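Notes for the structure review
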Amino acid sequence: MKRIISLTVFLILLSLSLQISAQIGKGGCSDFKNYKQMKDDRDNLKDKEFFEPITAYGSSKAEAKYNTKVLILRELIGNQMYLDNPRVDSVLAEFAGEVVFLLKDEYDVFKTKKKYRAENGLYTCMVYRTKYNPDLIEFLQYYINTFIKYSVVFIVNPYIERDGDAPTKELYNSALNGFHTMCLQPKYKFDNVIELRMLERAKLQPKPADYNPAEGFQSYATGNKYLDFVTSITNNANRSRQVDIVFSMDTITITKVPNTDQRIVNFHLIGYNTNTATEILIYDSKYTVDGASNDYDAVDLALKEVFARDIDNYMYDIAKRYSSYLRDGMLFSLKISDSLLTQNIELSLEQSMLDCKLFAESSINPAVWRNNGQQIGKSWEGRTYLLDRLRLKLMMIDLLKNAGVTNFNVDIAGTDFIVTPMK
């Protein structure tokens, strides 16, 4: 009898697996390669020979070699919009070692001639021929284009905006304008900057005591200054512009140095990517001011210098964080109301997630979705290489339907995908 039951269970599982495989074959799953797959595929590498050698410098042999890879990658990307753009150069520097490969006997590394060392570096590398991964070139071109075209809004800390006195607001706005001006330099290509007054911000309602998101997801005020601001933008049906990045002048602090006339002014800057619900800039710009008669003068003097000094560091930090989720995937979660799930549906859905590679390998974390201490559904959290949230949502809808889920809504809050019964 046990053998008959075991055989029956096996046949059910096999049937489910075959159904899922058939659905995947019909296009119900992803049609793209993720970064890891492309990086590990060395079968389609292409040769590139240079009419004149690519030359770069560094303080060590390894640095000189890597810098040539960055220059080669920049040439292979080959789009005019990328020239003299530190944001793009930072992204390319993050990926060059995985896209470009130096070949034995096709490059030379030697000590730089003495008269050029101080300006260029101790070592010189010259590359005559290389191999590269064309799939990753295409991947980077697509995401750098997306990155460059992001729309941006600059704001002051919402608490200061609401509660600060007039002089404080004036200082914060002056600092924000200084930061804003630096970011708008042509070489950084933050062209799509939206003025705050152009946004129709929704006023979020407070959360009721009996709110249960599994019975119909809604967005409510949380008491978190930036989360509320970002949520009000992304959930305002009347807004006229999409906002991808929110930059803020968060905090200005002034510390008087004991027994001196010096003051240390610190500007705490932050940035949020509203599409991936991640912080992309967290930076403290410190500046020491001599002889200021008061705190306001100290800030005024500091902000005339500090942003010009640190702007490249801001851009590098932004690119570094952007590069990390291109390589490692975007953290996201799928939350489904218990009322939509059965054991068979859950099994089928999880098998589809694995077969579709919805989550990056080994990143998935299944868990219970709770509200006020009570289980209201199931959740799966992990990383995805599919950074286009619309494509990700459509893939999830296909997986849910194929698993047998019916009459449901999918709402997006940051990178939480909330599946609830259709009302």
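Residues numbered from 1 in each chain as written. Predicted model: local features only at pLDDT ≥ 70, side-chain atom pairs only at ≥ 80, totals over all residues. Heavy atoms only, no water.

**Concerning the packing of helix α8 (residues 166-183) against helix α11 (residues 306-328)**
Formally: Structural elements are reduced to axes, namely lines fitted to C-alpha atoms, with helices fitted over the stretch in contact, and the angle between N-to-C directions of any two is expressed from 0 to 180 degrees. Strands are runs of DSSP state E lasting at least 2 residues, helices are runs of H or I lasting at least 4, and numbering of each runs from the N terminus. By definition in this entry, angles of less than 35 degrees are roughly parallel, angles greater than 145 are roughly antiparallel, angles of 65 to 115 are roughly perpendicular, and the rest are oblique. Here is the rule for handedness: rotate from the far helix to the near one, and if that takes an anticlockwise turn smaller than a right angle the crossing is left-handed, while a clockwise turn gives right-handed. When checking whether two residues touch, look at their non-hydrogen atoms; a contact exists if any pair is within 4.5 Å. Each residue gets one of three labels, nonpolar for Ala, Val, Leu, Ile, Met, Phe, Trp, Tyr, Cys and Pro, charged for Asp, Glu, Lys and Arg, and polar for the others, Gly among them.
The geometry of α8 relative to α11 is characterised by a closest axis approach of 10 Å and an angle of 60° between their N-to-C directions. Judged by the angle between their axes, α8 and α11 are oblique. You can see that α8 and α11 cross each other, and the crossing is right-handed. Contacts between α8 and α11 involve Ala175, Gly178, Phe179, Met182 and Cys183 on the former and, on the latter, Phe307, Ala308, Ile311, Tyr314 and Met315. Along the lines of polarity and charge, the residues of the contact of α8 with α11 split into 9 nonpolar, 1 polar and no charged.

**Focus: the sheet that holds strand β12 (residues 374-384)**
Quick note on the threshold: A pair of strands counts as paired when DSSP detects no fewer than two bridges linking them.
Taken in spatial order, the 5 strands line up as β11-β12-β10-β14-β13 in an open sheet, and their pairing is mixed. Every interior strand has two partners, whereas the edge strands, β11 (365-371) and β13 (408-413), have only one. Pairs of neighbouring strands in the sheet enclose a mean axial angle of 25°, with direction left out of account. Bridge count for β11 against β12 is 7 bridges, and the pairing is antiparallel. Bridge pairing in β12 links Arg370 to Gln375. On the sheet, helix α12 (residues 343-356) packs against β10 (330-337), β11 and β12 and is oriented at approximately 10° with respect to β12.

**Notes on the packing of aromatic side chains**
Centre-to-centre distance and the angle between the planes together describe a pair of aromatic rings. Short version of the rule: Centres within 6.5 Å are what make two rings of Phe, Tyr or Trp a pair, Trp counting through its six-membered ring; a difference in plane orientation under 30 degrees is then read as stacked, over 60 as edge-to-face, and the rest as tilted. A simple rule labels every residue: compare its accessible area, found with a 1.4 Å probe on the protein chains alone, to the largest value its type can have, and call it buried under 20%, exposed over 50%, or partly exposed in between. A ring is considered to have a charge above it if a Lys NZ or an Arg CZ atom is located within 6 Å of its centre and within 35 degrees of its normal.
In total, this model carries 11 aromatic pairs according to the counting rule given. Ring geometry for Phe267 against Phe307: centres 5.2 Å apart, planes inclined by 55°, an arrangement best described as tilted. Of this pair, Phe267 sits in strand β8 (residues 262-273) while Phe307 is found in helix α11, placing the two residues 40 residues apart along the sequence. In this pair, the class of Phe267 matches that of Phe307, namely buried. Grouped by ring-pair contacts, the aromatic residues Phe154, Phe179, Phe247, Phe267, Tyr283, Phe307 and Tyr314 constitute a single cluster. Over the aromatic face of Phe95 sits the side chain of Arg327, whose NZ or CZ is 4.5 Å from the ring centroid.

**Here's the deal with α8**
Every α-helical turn comprises 3.6 residues, leaving residues that sit three or four positions apart pointing alike. Spelled out, the test is: Working rule for helices: expected span equals 1.5 Å times residues minus one. What the arc describes is the spread of directions from the helix axis to the C-beta atoms.
With 18 residues, α8 should reach 26 Å at 1.5 Å per residue; the first-to-last C-alpha distance of 26 Å fits that figure. Along α8, the residues classified as buried are Leu171, Tyr172, Ala175, Leu176, Gly178, Phe179, Met182 and Cys183. Axial view of α8: buried residues confined to an arc of 155°, hence all on one face. Turned more than 90 degrees away from the buried face of α8, the exposed residues are Ala166 and Glu170.

**Notes on the confidence of the model for the protein chain**
Rules: Per residue, pLDDT measures the predictor's confidence, with a range of 0 to 100.
Counting all residues, the mean pLDDT for the protein chain is 84, and 90% of those residues have values of 70 or more. Here residues 1-28 is a poorly scored stretch, pLDDT under 50, and it has 15 contacts once near neighbours within four places are set aside; other chains count.

**Describing the nonpolar core**
Rules: Within this scheme, the nonpolar core is defined by two criteria: the residues are buried Ala, Val, Leu, Ile, Met, Phe, Trp, Tyr or Cys, and they are joined through side-chain atoms within 4.5 Å.
Leu73, Phe179, Phe247, Met249, Phe267, Phe307 and Ile336 are the most contacted members of the largest nonpolar core, which has 99 residues in total. By residue number, the principal contributor to this core is α11, which donates 10 residues. Once you skip the residues sitting within four places of it in the chain, Phe179 turns out to touch Phe154, Phe247, Leu269, Leu281, Phe307 and Tyr314. Within the second largest apolar cluster, 11 residues are counted, among which are Val153, Ile194, Leu199 and Ile233.

**Re the pairing of strand β7 (residues 245-256)**
The pairing of strand β5 (residues 152-156) with β7 spans 5 bridges and is classified as parallel. Paired with Val152 across the strands is Ile245, a residue of β7. Judged from the 11 bridges that link them, β7 and β8 form a sheet pairing that is antiparallel. Each residue of the ladder has a partner; that of Thr251, found in β8, is His268. Connecting β7 to the next strand, β8, in antiparallel fashion are 5 residues, including Asn259 with a positive phi near 65°.

**Here we look at the environment of Leu204**
Structurally, Leu204 is set in the loop between β6 (193-194) and α9 (225-234). Overall, the relative accessible area of 16% leaves Leu204 in the buried class. In the structure, Leu204 is positioned 24 residues away from Asp228 in sequence and 7.6 Å away in space, judged by C-alpha atoms. In contact with Leu204, other than residues within four places in its own chain, are Ser219, Tyr220, Ala221, Asp228, Thr231 and Ser232.

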